[in-house]
Amino acid sequence: MILSASGAHHYEMPLSLRSFTSLKRALLSSSSPSLLLRGSSLVPTMAASSTTTVSSTDAGAQLNQSAPSSPPVQVAKRLEKFKTTIFTQMSSLAIKHNAINLGQGFPNFDGPDFVKDAAIEAIKAGKNQYARGYGVPDLNSAIASRFQKDTSLVVDPEKEVTVTSGCTEAIAATILGLVNPGDEVVLFAPFYDSYEAVLSMAGANIKCITLRPPDFAVPLEELKSVVSANTKAIMINTPHNPTGKMFTWEELEFIAKLCKENDVLVFTDEVYDKLSFEMEHISMASLPGMFNRTVTLNSLGKTFSLTGWKIGWAVAPPQLTWGVRQAHSFLTFATSTPMQFAAATALQTSDSYYEELKRDYLAKKAILVEGLEAVGFVVYPSSGTYFVVVDHTPFGFENDVAFCEHLIEEVGVVAIPTSVFYLNPEEGKNLVRFTFCKDEATLRGAVERMKQKLRKR
Ligand SMILES: Cc1ncc(COP(=O)(O)O)c(C=O)c1O
């Protein structure tokens, strides 16, 4: 049964009626706009009612039937297959059930005072009007210096660095600025959800390669078989959300060779570069001959526990920066001025900040990983990020959504079903993602709840 109105490569995951009705019930009494379960996902409706039913043929018409007095939701074709993001859905459910939220990846502790103070000072100093479109000079320079420190590459802050509103906008500006309708772009599933949505907005043709447990290694020959002269770009993410996989030197070298042979670009999302635990992070741009065909995307949020600030950037050679900036100019034009000054202060911090950050996160990771193992999950090794992926099947649920629903309602803990990170949700149905970007008491509390209440079915 395919429930998307367009039907385009949208696979439906079977959900039990119980899962559907109870999750719908929970959502209908949660925040506005109300949410309706459609297939394996939840979609916003203007006025969902308790009599709403799911049809396999025409979801749009059915929304009209269930809410005769409200206009149906409208969305352009390029976005109609995308639902309310799973992170929003799970966070609202967490509030509703007073559950401990190990779902969405935002810290429940604050960023460092020296960065917050810098923002306050910038505001008080009157740095409050539109910034230069591609970034305030101080921040462009700080990004260039950090990039040089991390990769040994010297970049021109004026011509090769673009400041954006979070990495999310850097991703959008890169894809919309450099990819033409019909261009092929290779993604590795599971993938961060904005990649597929922006590629859809750009009219790109997605070629998807699945990374599989236990190590989520790149299937090199399969990758080789999809890359051709028609490929515009390969999108990578290392350290990788949701799996915690880090691309190895051998994998990056293999990708680099394919890119050079076929004249392909690389868009590399490295927002978790400072959260690399089990191995050294390697930037694709630092591989021989790759800087000229690579856009490196990053942001402040994860490293400085300030995810709400949304300061990001793209580093790329001038010819690629041109396209990124053209899109950025018409997406947001410029990013919050005082926060850019504070971000410049943040990036100039000493290495000891990053060392302490890693130490803290290693302790948190140990609590969560040991706890999840003790509860009975199969926990897959995570080398970086603040996520771990586990196999929930020892508990006997039919899929990741049903498991996460039970976990929220009956156990009081939120995790993210990973099927939302795949083109074909079936591939993620055994896996769920937990985050450890929470204080230690919260992590221990969540583990305790699972130990007490999570039972095999
Ligand atoms: C892999 C990945 N890329 C990009 C982002 C978005 O970053 P930002 O908050 O800076 O827009 C996230 C946030 O969770 C992420 O996990």
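Residues numbered from 1 in each chain as written. Predicted model: local features only at pLDDT ≥ 70, side-chain atom pairs only at ≥ 80, totals over all residues.

1. Concerning the site of the ligand
Rule in force here: Any residue whose C-beta atom, as placed from the backbone, lies within 6 Å of a molecule or strand is termed near it. Per the convention used, a helix needs a DSSP run of H or I reaching at least four residues, while a strand needs a run of E reaching at least two, with both numbered from the N terminus. Residues are grouped as follows: Ala, Val, Leu, Ile, Met, Phe, Trp, Tyr, Cys and Pro are nonpolar; Asp, Glu, Lys and Arg are charged; all remaining types, including Gly, are polar.
Of all residues adjacent to the ligand, which total 14 residues, the nearest are Gly166, Cys167, Thr168, Asn241 and Ser299. In terms of residues, the shell around the ligand owes the most to one element, helix α6 (residues 166-178), which gives three residues. Here the shell around the ligand is composed, by residue class, of three nonpolar, nine polar and two charged.

2. What about helix α5 (residues 137-151)?
Which entries qualify depends on this criterion: By this rule the span expected of a helix is its residue count minus one, scaled by 1.5 Å. Partly exposed residues are those falling between the two cut-offs: more than 12 but fewer than 20 other C-beta atoms within 10 Å of their own, whereas 20 or more means buried and 12 or fewer means exposed, with C-beta atoms placed from the backbone. Contact between two residues is assigned when their C-beta atoms, built from the backbone, lie within 7 Å.
For α5, spanning 15 residues, the distance from its first C-alpha to its last is 21 Å, which sits close to the expected 21 Å at 1.5 Å a residue. Looking at α5, one finds that the buried residues are Leu139, Asn140, Ala142, Ile143, Ala144, Phe147 and Thr151. Looking at the buried positions of α5, the neighbouring elements they touch are β4 (161-164), β10 (312-315) and α11 (337-347). Downstream of α5 by one or two residues, serine 152 has phi in the positive range, about 65°.

3. Here we look at the environment of lysine 81
Structurally, the position occupied by lysine 81 is in the loop between α2 (59-66) and α3 (86-96). Residues lysine 81 and serine 200, spaced 119 residues apart in sequence, show a C-alpha to C-alpha distance of 9.6 Å.

4. Thoughts on the pairing of strand β8 (residues 265-269)
Which entries qualify depends on this criterion: A pair of strands counts as paired when DSSP detects no fewer than two bridges linking them.
With five of its five residues buried, β8 lies for the most part within the structure. Side chains Leu265, Phe267 and Asp269 of β8 all project onto a buried face; the interleaved residues Val266 and Thr268 project onto the opposite face, where all are buried too. The pairing of β8 with strand β9 (residues 294-299) spans four bridges and is parallel. Looking at the pairing, aspartate 269 lines up with leucine 297 of β9.

5. Section: the confidence of the model for the protein chain
Detail in the predicted coordinates should be disregarded across regions flagged by low pLDDT. The line we're drawing: Think of pLDDT as the predictor's per-residue confidence, scored from 0 to 100.
Summarising the model, the protein chain shows a mean pLDDT of 87, and 85% of its residues fall at 70 or more. Across residues 1-66, confidence stays below pLDDT 50; counting only partners more than four residues off in sequence or on other chains, it has 115 contacts.

6. Remarks on helix α14 (residues 440-453)
Which entries qualify depends on this criterion: Here the arc refers to the set of directions running from the helix axis out to each C-beta atom.
Its 14 residues place the ends of α14 20 Å apart at the C-alpha level, agreeing with the 20 Å of an ideal helix rising 1.5 Å per residue. Those residues of α14 that fall on the buried side of the exposure criterion are Leu443, Ala446, Val447 and Met450. One side of α14 holds all its buried residues, which, seen down the axis, span an arc of 95°. Exposed positions of α14 whose direction lies more than 90 degrees from the buried face are Ala441 and Gln452.

7. Examining the sheet that holds strand β6 (residues 205-210)
Let me state the cut-off plainly: The convention used is that axes are lines fitted to C-alpha atoms, helices contributing only their stretch in contact, and that angles between N-to-C directions extend from 0 to 180 degrees.
Ordered by their spatial adjacency, seven strands build an open sheet running β4-β10-β9-β8-β7-β5-β6, and the pairing between neighbours is mixed. In the strand order of this sheet, the two ends are held by β4 and β6, each with one partner. Pairs of neighbouring strands in the sheet enclose a mean axial angle of 20°, with direction left out of account. Inspection of the sheet shows β9 paired to β10 by four bridges, in the antiparallel sense. Opposite serine 299, over in β10, you have glycine 312 as the bridge partner. Most of the contacts of α5 go to β4, to which it runs at about 115°, and overall it touches β4 and β10.

8. Re the nonpolar core
The condition that has to hold: Nonpolar core, as used here: buried Ala, Val, Leu, Ile, Met, Phe, Trp, Tyr and Cys residues forming one set through C-beta atoms within 7 Å. Note that the domain bounds reflect an automated or database-derived domain assignment.
Formed by 118 residues in total, the largest nonpolar core has its most connected members in Val266 and Val413. Here the element with the most residues in this core is α6; it accounts for eight residues. Looking at which domains feed residues into this core, each of domain 2 (86-105 + 352-453) and domain 3 (113-349) supplies at least three. Those residues in contact with valine 413 that lie beyond four places of it in its chain are Ala99, Ile100, Leu102, Leu407, Ala446, Arg449 and Met450.

9. With respect to the sheet that holds strand β15 (residues 431-435)
Read across the sheet, four strands follow the order β11-β12-β15-β14 without closing on themselves; strand pairing throughout is antiparallel. Single-partner strands in this sheet number two, and they are β11 (378-379) and β14 (416-417). Helix-sheet contacts for helix α12 (residues 351-375) involve β11, β12 (387-391) and β15, and the interaxial angle to β12 is about 10°. Sheet contacts for helix α13 (residues 400-411): β14 and β15; angle to β15, the most-contacted strand, approximately 40°.

10. Considerations on the packing of α12 against α14
As a reminder of what qualifies: Oblique is the label for every angle not falling under 35 degrees (roughly parallel), over 145 degrees (roughly antiparallel), or within 65 to 115 degrees (roughly perpendicular).
Across the interface, α12 lies against α14 with an axial gap of 9 Å and an inter-helix angle of 0°. One finds that α12 runs roughly parallel with respect to α14. Between α12 and α14, the contacting residues are Ala363, Lys364, Ile367, Leu368, Gly371, Ala374 and Val375 on the first element and Glu440, Leu443, Arg444, Val447, Met450 and Lys451 on the second. Tallied by class, the residues present in the contact of α12 with α14 amount to eight nonpolar, one polar and four charged.

11. What about the pairing of strand β5 (residues 184-189)?
Here six bridges tie β5 to β6, and the two strands are oriented parallel to one another. Paired with valine 186 across the bridge in β6 is lysine 207. Bridging between β5 and strand β7 (residues 231-237) involves three bridges; their strand directions are parallel. When the sheet's bridge partners are listed, valine 186 is paired in β7 with isoleucine 234.

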